Amino acid sequence: MDKKIISILTAVIVLLVIGVAYLAYNLNQQAQANKEMEELAVYDKQEMEGEYRQFADQYSEMKTRINNDSIIAQLTREQERTEQLLQELKNTKATDAAEITRLKKELASVRAVLRSYVLEIDSLNRLNQALQDENNRVRSELEESNQQNLALTTDNATLSEKVAIAAQLNAVNIDIMMVVKAALSSKTKDRVKHPHKIGGSTNEMKVRFVISRNVTATNGQRKIYVRILTPTGDVLNASGQCPFEDKEVAYTVMKTIEYTGEETPMELYVAKKQTLIPGTYRVQVIADGHEIGSRSIELEK
């Protein structure tokens, strides 16, 4: 064979070998690139699945932070939509570029909607907190006002009680004595030699006292009751009932006077309807349902 032809064939063969080697190298490089792209697509899909799952979990968490039924219903719908897209992504091959692209766009939409709800719920929570703080402040002020009113009511009640006590009558210089009462036509005074001695010529008991001056007391007619308790605890000559400390008690004698607020001397007579015995006699003066004075006096035989 001609050497020239051999040289040409040899060159052609070398070129073919080089071409085949180059093609093989390119194919290998392309396969490697395809493998890397596929791995990247799988990784990208996994990241998308993680985000979808995270967003779905966030919807669940947000529903626990709010008590608005309407917003909870909206969050539930968005959560179900997110979970549906997640399931579609799981069923999609990583190499399905068109579907992956669509689900990426859906993911961006889910992210935007989720962010809007986060902002809305945070705003509502801040508003609720502000309202709660305001309610707490109002309740605190109301409680303080109630306490002040209670204190004022107590003070008023105490003041009223003090005024009522100050307005009560007061009987002083209480005394009892055994006397021989002068005849109605006589201008002589009651005769008394031994005022605290029982028996003899005495035929009546006289009770005398003074109602003190009190400008705070109400003027007008007053019923003044006298109770005389014998040494045995009985009411001497019980002649009726009078009001005393929210109950009715027996009294010995009563007199109606016109009280003017000035000092008022009083004398009341008690006839000897029963035998008197020596001992300690207690005299109580009662007006307006209260004891306004008392004294214990020893009577001798």
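Conventions adopted
- Residues numbered from 1 in each chain as written.
- Predicted model: local features only at pLDDT ≥ 70, side-chain atom pairs only at ≥ 80, totals over all residues.
- Heavy atoms only, no water.
- Pairing = 2+ DSSP bridges.
- Helix = DSSP H or I, 4+ residues; strand = E, 2+ residues; numbered from the N terminus.
- Axes fitted to C-alpha atoms, helices over the stretch in contact; angles between N-to-C directions.
- Phe/Tyr/Trp six-rings, centres within 6.5 Å; stacked < 30°, edge-to-face > 60°.
- Buried < 20%, exposed > 50% of the residue type's maximum accessible area, 1.4 Å probe, protein only.
- pLDDT = per-residue confidence, 0-100.
- Contact = heavy atoms within 4.5 Å.
- Patch = residues over 30% accessible without salt bridge, like charges linked within 9 Å, V, L, I, M, F, W, Y side chains within 5 Å.
- Areas by Shrake-Rupley, 256 points an atom, 1.4 Å probe, with all protein chains shown as cover.
- Salt bridge = Lys/Arg side-chain N within 4 Å of Asp/Glu carboxyl O.
- Polar contact = N/O pair within 3.5 Å; in protein donor to acceptor, adjacent residues only side chain to side chain.
- Core = buried A, V, L, I, M, F, W, Y, C linked by side-chain atoms within 4.5 Å.
- Expected span 1.5 Å × (residues − 1).
- Arc of directions from axis to C-beta.

**Student:** So what about the sheet that holds strand β6 (residues 253–259)? Which residues, and what values?
**Tutor:** Overall, antiparallel pairing links the four strands, which are arranged β6-β3-β8-β9 in an open sheet. Lying at the two open borders of the sheet, with one neighbouring strand each, are β6 and β9 (290–299). Ignoring which end each strand starts from, the neighbouring axes of this sheet average 20° apart. In this sheet, strand β8 (residues 279–287) lies alongside strand β3 (residues 220–229) in antiparallel orientation, the contact comprising five bridges.

**Student:** Describe in detail the packing of aromatic side chains, supporting the description with residues and values.
**Tutor:** For the structure shown, the criterion picks out two aromatic pairs. Taking 6.5 Å as the distance between ring centres and 75° as the angle between the ring planes, the aromatic pair formed by Tyr59 and Tyr117 counts as edge-to-face. With Tyr59 in helix α1 (residues 3–63) and Tyr117 in helix α3 (residues 97–166), this residue pair connects regions lying 58 residues apart in the sequence. Accessibility expressed as a relative area gives 10% for Tyr117, which makes it buried. Taking the centre distance of 4.9 Å and the plane angle of 65° together, the rings of Tyr225 and Tyr251 count as edge-to-face. One end of the pair, Tyr225, is in strand β3; the other, Tyr251, is in strand β5 (residues 247–251), with 26 residues separating them in the sequence. Exposure class is identical for Tyr225 and Tyr251. Each is buried.

**Student:** Describe the confidence of the model for the chain, with residues and values.
**Tutor:** In this model, the chain carries an average pLDDT of 82, and 84% of its residues clear a pLDDT of 70 or more. Every residue in residues 183–188 scores below 50 in pLDDT, and together they form one contact with partners more than four places removed in sequence or on other chains.

**Student:** A description of the sheet that holds strand β2 (residues 204–211) should follow, citing residues and the corresponding values.
**Tutor:** The pairing of strands in a sheet happens through backbone hydrogen bonds and is either parallel or antiparallel. The three strands are arranged β1-β2-β7 in an open sheet whose pairing can be described as antiparallel. Both edges of this open sheet fall to β1 (171–179) and β7 (264–271), since each of them pairs with a single strand only. Looking at each pair of strands side by side, their axes are set apart by 15° on average, direction ignored. In terms of strand pairing, β1 meets β2 through seven bridges, oriented antiparallel. Bridge pairing in β2 places Met178 opposite Met205.

**Student:** Can you break down a nonpolar patch on the surface residue by residue, with the values?
**Tutor:** On the surface, Ile5, Leu9, Ile13 and Val17 cluster together into a nonpolar patch covering about 360 Å² of accessible area. Mapped onto the elements, Ile5 comes out in helix α1.

**Student:** Break down the side chain of Arg222 for me, citing the residues and quoting the values.
**Tutor:** By the element assignment, Arg222 lies in strand β3. In this structure the side chain of Arg222 is engaged in a polar contact, spanning 2.5 Å, whose partner is the backbone oxygen of Thr218.

**Student:** Could you give me a rundown of unusual backbone geometry, with the residues and numbers involved?
**Tutor:** Even without being a glycine, Asn173 presents a positive backbone phi close to 55°. Here Asn173 is to be found in strand β1. Here Asp246, not a glycine, exhibits a phi torsion of approximately 65°, which is positive. Within the fold, Asp246 resides in the loop between β4 (240–244) and β5. Given the relative accessible area of 88%, Asp246 is considered exposed.

**Student:** Break down the nonpolar core for me, citing the residues and quoting the values.
**Tutor:** In terms of nonpolar packing, the biggest core is built from 29 residues, with Met205, Phe209 and Ile224 touching the most fellow members. Only β1, β2, β3, β6, β7, β8 and β9 provide two or more residues apiece to this core. Apart from residues no more than four positions distant in its own chain, Phe209 is found in contact with Ala171, Val172, Asn173, Ile174, Ile224, Val226, Thr264, Pro265, Met266, Leu268 and Val285. Membership of the second largest hydrophobic core comes to 18 residues, among which are Tyr52, Ile71, Leu85 and Ile100.

**Student:** Talk me through the environment of Lys93; I want residue IDs and the actual numbers.
**Tutor:** By secondary structure assignment, the location of Lys93 is in the loop between α2 (69–90) and α3. On the basis of relative accessible area, Lys93 is assigned to the exposed category, the value being 64%. Contact partners of Lys93, with chain neighbours within four places excluded, come to Lys45 and Ile100.

**Student:** Can you lay out α2 for me, pointing to particular residues and giving the numbers?
**Tutor:** The end-to-end C-alpha distance of α2, which contains 22 residues, comes to 31 Å, matching closely the 32 Å that a straight helix rising 1.5 Å per residue would cover. Those residues of α2 that sit buried are Ile71, Leu75, Glu78, Gln79, Thr82, Leu85, Leu86 and Leu89. Buried residues of α2, viewed axially, fall in a sector of 125°; they line one side. Facing away from the buried side of α2 by over 90 degrees, the exposed positions are Asp69 and Arg77.

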